[in-house]
Amino acid sequence: MNERVSDRSYDWRTPAGLTLATLMLSLNACAPSDDYQKQSPVPTPTGSTETSDVPAVEIEPIEAPSPTDIPTEGYYVETSPADTTTSPEPSPQPTETEAPVEPSTTPAPTEDPTTPADINELTGLMPPEHSQTVDCMVQKCIALTFDDGPGPYTEDLIDHLAEYDAKATFFLVGDRVDNYETVVTDLRDGGHQIGNHTWDHDDLTTKTNQEAIDDIDQTSDEIEAVTGVRPEVMRPPYGATNQRIVDALGQPQILWSVDTQDWLYRDSDYVSSYVLQHASRGDIVLMHDIHKTSVDAVPEILAELTEQGYVFVTVDDLLGSDLEPGRYSQQEL
Ligand code: NI
């Protein structure tokens, strides 16, 4: 796991010639296995965790909550009655016999569905285009990313983001998609980017090449079946990847440059404070929308960073949409 990301065979540059900064591999990015929890000291909020490949950053102390709610099993341990709200939408009432058309002398004003959003709303088929108006060479861009969903709080998160016209990237777990189809289509319709986070959150480095390919393909098939769009980027669970997996999958692997450890510190104030203190231009911020505390932290993040002039964009908008296979965690601007 402690492979060096400074390996010169990885000289990731965008087509614009922008150097992509160091990879951060962190074992504890997602909720760890039980074994890992038992062996590992509880990380402090001073950044002294397994992020040795990332240059040390002076971190102002944050009042951290006691991580008494460390997840004890699995990576998505939070459940909610809201899970039951994802039943299929009611089908429209069958229309009765043809209703008489009201005579009208003046045609109702209608607007031409000329924008992609309009057309999408009408057809439900056309994926929204990524924002074409954000130029991260000019504007202060940050990419918020959310892993392990969709979940019971994702819809709230979509609403929070919409209030600020913020776009984000969601790395979905394949076997959760079926239970949250409406949420997933709402992500698409909101202009957010959807990435692949494997079918069941397995460590891909433990799989054979073919097993890893099948895992990613199964997940992308599921997402494409729901959204009509096949994910072009993925994020390996736990950040666990290597050259073999990169070569086998042949996809851009999006890691991160700011790890909130929100799965450990289930405290909204802590999560928002951490982001506000650490995130800056070009960063990719890792959070998990399966935790209510993380979703609840987002409004303050959006409000404060918007006030500071930041723009929230998708990974595609930040890094460019024609990435080559490899590992990306940041863009230096
Ligand atoms: Ni994850």
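Each remark here, short or long, concerns the structure printed above.
Predicted, not measured: the structure shown is a model, and the values here were computed from it.

Peer 1: Help me understand the pattern of salt bridges, please; the structure alone is not making it clear to me.
Peer 2: Close approach of charged atoms allows side chains with opposite charge to pair. Throughout the structure, instances matching the rule amount to nine salt bridges. Here R235 ties to D147 by a salt bridge, and the two come within 2.7 Å at their closest N and O atoms. Pair noted here: R235 is in the loop between α6 (209–227) and α7 (243–249) and D147 is in strand β1 (residues 140–147), with a separation of 88 residues, a long-range link. Between R188 and D189 there is a salt bridge, with its nearest N and O atoms 2.8 Å apart.

Peer 1: Can you walk me through the environment of R188 in this structure?
Peer 2: Within the secondary structure, R188 sits in helix α5 (residues 181–189). For the pair formed by R188 and V229, sequence separation is 41 residues and the distance between their alpha carbons is 8.6 Å.

Peer 1: Can you walk me through the nonpolar core in this structure?
Peer 2: Nonpolar side chains in soluble globular proteins tend to be buried together. L144 and M287 are the most contacted members of the largest nonpolar core, which totals 38 residues. Considering each element in turn, this core owes the most residues, six residues, to helix α9 (residues 292–307). Once residues within four sequence positions are removed from consideration, M287 is found in contact with L144, T145, F146, D147, T260, D262, V271, V275, V298 and I301. Among the nonpolar cores identified, the runner-up in size contains 18 residues, and A143, L255, L286 and Y328 belong to it.

Peer 1: Is there a simple way to think about unusual backbone geometry in this case?
Peer 2: The phi angle of most residues is negative, glycine excepted, and most peptide bonds adopt the trans form. Going from G149 to P150, the amide bond is cis rather than trans, its omega being 5°. Structurally, the position occupied by P150 is in the loop between β1 and α3 (154–163). Positive phi values are uncommon outside glycine, yet Y238 reaches one of about 65°. Inspection of the secondary structure puts Y238 in the loop between α6 and α7.

What counts as what
- Residues numbered from 1 in each chain as written.
- Predicted model: local features only at pLDDT ≥ 70, side-chain atom pairs only at ≥ 80, totals over all residues.
- Heavy atoms only, no water.
- Salt bridge = Lys/Arg side-chain N within 4 Å of Asp/Glu carboxyl O.
- Helix = DSSP H or I, 4+ residues; strand = E, 2+ residues; numbered from the N terminus.
- Core = buried A, V, L, I, M, F, W, Y, C linked by side-chain atoms within 4.5 Å.
- Buried < 20%, exposed > 50% of the residue type's maximum accessible area, 1.4 Å probe, protein only.
- Contact = heavy atoms within 4.5 Å.

Function cannot be read off these values alone, since they describe shape.
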